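# Summary of structural features
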Amino acid sequence: MLLEDQHPHNKAIMVAVLGAPNVGKSSLINVLLGTDLTVVTNKPQTTRNKFHCVLTVDRTEVVMVDTPGLHKSNQEFNKRLNEQARQGTEGADLNLLLIDISREILEQFSEFKENIDQELGPTWVVFTKSDKVENSENLPLKEVMTQAQALLPCLEKFFLISNIEGTNIHELTGAICDRAQPGPHLYPNGDVSNKNQRFFVTEYIREQAFELLKDEVPYEVAVVIDEYKEVKGKLDPETFESHISASILVNRPSQRAIVIGSSGSMIKEIGIRSRKKIEVMTGGPVHLNLHVKVSPKWFKNNFVLEEIGLPRAKDSARVWRKK
Ligand SMILES: Nc1nc2c(ncn2[C@@H]2O[C@H](COP(=O)(O)OP(=O)(O)OP(=O)(O)O)[C@@H](O)[C@H]2O)c(=O)[nH]1
Ligand SMILES: [Mg+2]
């Protein structure tokens, strides 16, 4: 659709969703969207890339930018995650800083200030997980905000929400839409993200690996697509089937055995669960073939990192090339 073909009353806003790992950023986006687009698990560092998730309410387009949780680390992989989060604020009209009220609150503000390491535009604080704290409405959040504003002058106002119970979600959505300015939509043709289906396939497989695997294994797993074909349905040529081969990369041979599981039970479960979600996305049958490959220290390998959408960060380690 051409810009001039857009409705003259269109409004738009881009909102970056920021905060520490596991505070509920992706959950909030899914709740606002009303679908399970972006991946959520109970483990920190689930989200690894910045990307757009699009919500359209009447003539207002809200582009929510999901980001990895900001945290301190000297590891190359984590530096790249943080860079994604920092870049997620580029072009945003508004930032939401999510703070988990079931954890130490003020500490999260000071860690955020340190980790974001840049000046921010207008930012609203969203206190999450109100359902986890008894009488959360009695918390002295106004006083907390005064202290937080001394650290981060960009903070404008706050909301107290629960993604699980839906508390104050309507208020937050309404306030975001009210903040939108007249202007063209970035996704006038109904796209829900700037990432393609291949990306979400890898995310849905990794989500199940995160859910089902324990200890360090989920963090040492990456998913890459080997082949992705759409073929006409055998029974009904009007429909399409997706034929997908993907590899789950692990760091060590012992992890390969864990991801495969006894008699292949683990890889089978990851496949069954992720296939269901992929079928909802594609709207047709999916044939999913999963392999597990040992790729030692893939999280330090620039080629793999680039492939999973994590290019170098500003503070990336220097690469020494042999002459
Ligand atoms: N009780 C409760 N749990 C929540 C709430 N919001 C999110 N969670 C849970 O918190 C965990 C982390 O949620 P995510 O949405 O993945 O958090 P995130 O901030 O995107 O995490 P990263 O991607 O790792 O940075 C999941 O187990 C969610 O179900 C909430 O409002 N209340
Ligand atoms: Mg997330």
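About the thresholds
- Residues numbered from 1 in each chain as written.
- Chains lettered and ligands numbered in written order.
- Predicted model: local features only at pLDDT ≥ 70, side-chain atom pairs only at ≥ 80, totals over all residues.
- Heavy atoms only, no water.
- Helix = DSSP H or I, 4+ residues; strand = E, 2+ residues; numbered from the N terminus.
- Buried < 20%, exposed > 50% of the residue type's maximum accessible area, 1.4 Å probe, protein only.
- Areas by Shrake-Rupley, 256 points an atom, 1.4 Å probe, with all protein chains shown as cover.
- Lys, Arg positive; Asp, Glu negative; His and termini not counted.
- Charge placed at Lys NZ, Arg CZ, Asp CG, Glu CD.
- Pairing = 2+ DSSP bridges.
- Axes fitted to C-alpha atoms, helices over the stretch in contact; angles between N-to-C directions.
- Contact = heavy atoms within 4.5 Å.
- Donors = N, O, S within 2.8 Å, 3.2 Å for Na, K, Ca; no water.
- Near = heavy atom within 4 Å.
- Polar contact = N/O pair within 3.5 Å; in protein donor to acceptor, adjacent residues only side chain to side chain.
- Nonpolar A, V, L, I, M, F, W, Y, C, P; charged D, E, K, R; others polar.
- Phe/Tyr/Trp six-rings, centres within 6.5 Å; stacked < 30°, edge-to-face > 60°.
- Domains from an automatic or database assignment.
- Buried area = accessible area lost by both parts, 1.4 Å probe.
- Salt bridge = Lys/Arg side-chain N within 4 Å of Asp/Glu carboxyl O.

Helix and strand counts for the protein chain come out as nine helices and ten strands. By its C-alpha atoms, the protein chain is 55 × 50 × 50 Å across when sized along the principal axes. Considering the protein chain as a whole, with its 323 residues, one finds that 50% of them fall into the buried category. Summing over all exposed atoms, the protein chain offers an accessible surface of approximately 16,600 Å²; the carbon and sulfur share of this is 50%. Averaging the coordinates of the 40 positive side-chain charges in the protein chain and doing the same for the 43 negative ones gives two points 9 Å apart.

Quick look at the sheet that holds strand 10 (residues 286–294) now. As summarised here, the arrangement of the three strands in space is 8-9-10, forming an open sheet in which the pairing is mixed. Either end of the sheet is taken by a strand with one partner, and the two such strands are strand 8 (222–232) and strand 10. Averaged over all pairs of adjacent strands, the angle between strand axes in this sheet comes to 15 degrees, irrespective of strand direction. On top of the sheet, helix 8 (residues 265–282) reaches strand 8, strand 9 (240–250) and strand 10; it is set at about 135 degrees to strand 10, its chief contact.

Protein-derived ligands of the magnesium ion (ligand 2) are Ser26 (OG) and Thr47 (OG1), with the metal-ligand distances lying across 2.0 to 2.1 Å. Taken together, the residues span a long stretch of sequence, with serine 26 in helix 1 (residues 25–33) and threonine 47 in the loop between helix 1 and strand 2 (51–57) at a distance of 21 residues. For threonine 47, a relative accessible area of 6% corresponds to the buried category.

Close contacts around ligand 1 come from 22 residues, with Lys25, Ser27, Gln45, Asp131 and Asn163 the closest. Between ligand 1 and threonine 46, the relevant distance is 2.8 Å, taken from an oxygen atom to a main-chain nitrogen or oxygen of the residue. In this structure, threonine 47 approaches ligand 1 through a side-chain N or O atom, which is 2.8 Å from an oxygen atom. When ligand 1 sits alone it has 650 Å² of accessible area, and the protein chains cover 90% of it. Residue composition of the shell around ligand 1, grouped by class: five nonpolar, twelve polar and five charged.

Before going further, it helps to examine the packing of aromatic side chains. All told, the structure shown has ten aromatic pairs when counted by the stated rule. Ring geometry for phenylalanine 51 versus phenylalanine 199: centroids 5.1 Å apart, planes at 65 degrees, classification edge-to-face. Of this pair, phenylalanine 51 sits in strand 2 while phenylalanine 199 sits in helix 6 (residues 197–212), and the two are 148 residues apart along the sequence. Among the residues examined, phenylalanine 51 registers a relative accessible area of 1% and is labelled buried.

Turning our eyes to something else, we now look at the domain arrangement of the protein chain. For the protein chain, the assigned domains read domain 1 (3–182) and domain 2 (197–307). Between domain 1 and domain 2, the C-alpha centre-to-centre distance is 28 Å. For the domain 1 and domain 2 pair, buried surface summed over both sides reaches about 1,600 Å², with 55% attributable to carbon and sulfur atoms. Three residues, Val39, Lys43 and Arg48, lead the burial of domain 1 against domain 2; their summed loss comes to 35% of the area buried on that side. Linking domain 1 to domain 2 there are zero salt bridges. At the surface where domain 1 touches domain 2, the tally comes to eight residue pairs in polar contact (both at pLDDT 80 or more). When residues in the side of domain 1 that touches domain 2 are grouped by element, the largest group, three residues, is from helix 2 (residues 76–87). Residues belonging to the side of domain 1 that touches domain 2 are distributed by class as follows: six nonpolar, seven polar and five charged.

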